[in-house]
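Now for the letters of each chain:
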Amino acid sequence: MREIHCDLITQEIKNLCIEACCIQTPDIKKAFQKAHDTETSPLGKNILSTLIENGKIAETKMKPICQDTGMCVVFVEIGQDVHLVGGDFESAIQEGVAQGYMQGYLRKSVVNDPLFERKNTTNNTPAIIHTKIIPGDKIHLTVAAKGFGSENKSILKMLVPADGIQGVKKVFLEAVKLAGPNACPPMVLGVGIGGTMEMAAILAKKAAIRAIDSKNPDPNYAALEEELLQLANQTGVGPQGLGGITTAFGVNIEWYPTHIAGLPVAINVNCHAARHAHKEI
């Protein structure tokens, strides 16, 4: 049994919030350079140059990549041999988010009531927390800063088995075209297939923050990832929606077994920054 103090979790979450909002991950940096080298639209190439420069300035000065520093989604994998001490686990995460957004001078975008009062909570909490128990004595923390220009363009459809792979492609293309310029393309697109309504959405969220230079371990899904990426880039939406061959940087798929009568499909849309950061404790 390994003891981990909740204060450490708070500290790491604070750091991850700031890192996610200010520093692009290596796979996104590589994708930008590749897109810049291959983009055929002069305007698209110019836009990519500007976005690359923006990312460099953000990292050098530790300033947000985008003014919408998002709503925090925290994925936690906690080892079953971990004993948490010194506080409440979820409260420690929420405190870390609050500290990160206050001390990092990140925009606070969360309202306390989604429908009626909509008053700002002033510290960007509460975050969304997804927790999974795993073997071992480590904790894996992933913070995703989810801006709503892209989040608002996400889609969930409850297909039936007869819709098949063509139905999945149709839903995917609907999401890409609906997102258009509003999701600040080039996009990173997470696709969740299977499970139940809520499981498909969580799978899509996890897929959207998976490294875009990774591949699904199942060759069938890996091939579908590549095909969907080609379909997205054939739409002509292009960088910032102004035309070109770079509409998406990557498409990741996560899947789960489902009911004999179902085929849930969720598309989670990320902007070009696809902001997230990871830490193992």
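The structure under discussion appears in the preceding block.
Residues numbered from 1 in each chain as written. Predicted model: local features only at pLDDT ≥ 70, side-chain atom pairs only at ≥ 80, totals over all residues. Heavy atoms only, no water.

Caption draft 1: Focus on the packing of helix α2 (residues 26-38) against helix α3 (residues 42-61). At a closest axis distance of 9 Å, the pairing of α2 and α3 adopts a crossing angle of 155 degrees. With respect to α3, the element α2 is oriented roughly antiparallel. Note that α2 runs across α3; the crossing there is left-handed. Contact residues: α2 offers K29, F32, Q33, A35, H36 and D37, while α3 offers K45, L48, S49, L51, I52 and E59. The class makeup of the residues in the contact of α2 with α3 is 5 nonpolar, 3 polar and 4 charged. (Axes fitted to C-alpha atoms, helices over the stretch in contact; angles between N-to-C directions. Helix = DSSP H or I, 4+ residues; strand = E, 2+ residues; numbered from the N terminus. Parallel < 35°, antiparallel > 145°, perpendicular 65-115°, else oblique. Left-handed = near helix turned anticlockwise from the far one by under 90°. Contact = heavy atoms within 4.5 Å. Nonpolar A, V, L, I, M, F, W, Y, C, P; charged D, E, K, R; others polar.)

Caption draft 2: Fine view of the nonpolar core. Among the nonpolar cores identified, the biggest contains 29 residues, and I9, I13, V76, I93, Y101 and I139 are the most heavily contacted of them. Every element with two or more residues in this core is listed here: α1 (6-22), β2 (71-79), α4 (89-103) and β5 (139-146). Considering every element that reaches this core, the biggest residue donor is α1, with 9 residues. With sequence-adjacent residues up to four places away left out, I9 is seen in contact with I4, L84, F89, A92, I93, I139 and I281. By size, the runner-up hydrophobic cluster in this structure holds 24 residues, among which are V171, V191, L263 and I267. (Core = buried A, V, L, I, M, F, W, Y, C linked by side-chain atoms within 4.5 Å. Buried < 20%, exposed > 50% of the residue type's maximum accessible area, 1.4 Å probe, protein only.)

Caption draft 3: Structural view of the layout of surface pockets. Approximately 510 Å³ is the volume found for the largest pocket. Lining the largest pocket are 22 residues, and of these K34, L229, N233, A248 and F249 sit closest to its centre. Looking at the lining of the largest pocket residue by residue, the class counts come to 8 nonpolar, 7 polar and 7 charged. In this structure, the second largest pocket occupies an estimated 420 Å³ of space. Breaking the lining of the second largest pocket down by element, the ones donating at least two residues are β2, β4 (128-134), β5, α7 (197-208) and β8 (248-258). (1 Å grid on protein atoms, 1.4 Å probe; cavity = no way out; pocket = protein on both sides within 12 Å on 5 of 7 lines; lining within 4 Å. Points joined across faces, edges and corners; volume = space filled by probe spheres on them.)

Caption draft 4: Up close: the pairing of β2. The buried fraction of β2 amounts to 7 of the 9 residues, a majority that puts the element mostly inside the structure. Pairing of β2 with β4 involves 7 bridges; the strand directions are parallel. Counterpart to I78 in the pairing with β4 is I133. (Pairing = 2+ DSSP bridges.)

Caption draft 5: Spotlight on helix α8 (residues 219-233). Here α8 contains 15 residues, and its C-alpha end-to-end distance of 21 Å stays within 8% of the 21 Å for a straight helix at 1.5 Å per residue. Of the residues making up α8, those classed as buried are A222, L224, E225, L228, L229, A232 and N233. The arc that holds every buried residue of α8, seen down its axis, measures 165 degrees, which confines them to one face. Of the exposed residues in α8, those oriented more than 90 degrees away from the buried face are P219 and N220. (Expected span 1.5 Å × (residues − 1). Arc of directions from axis to C-beta.)

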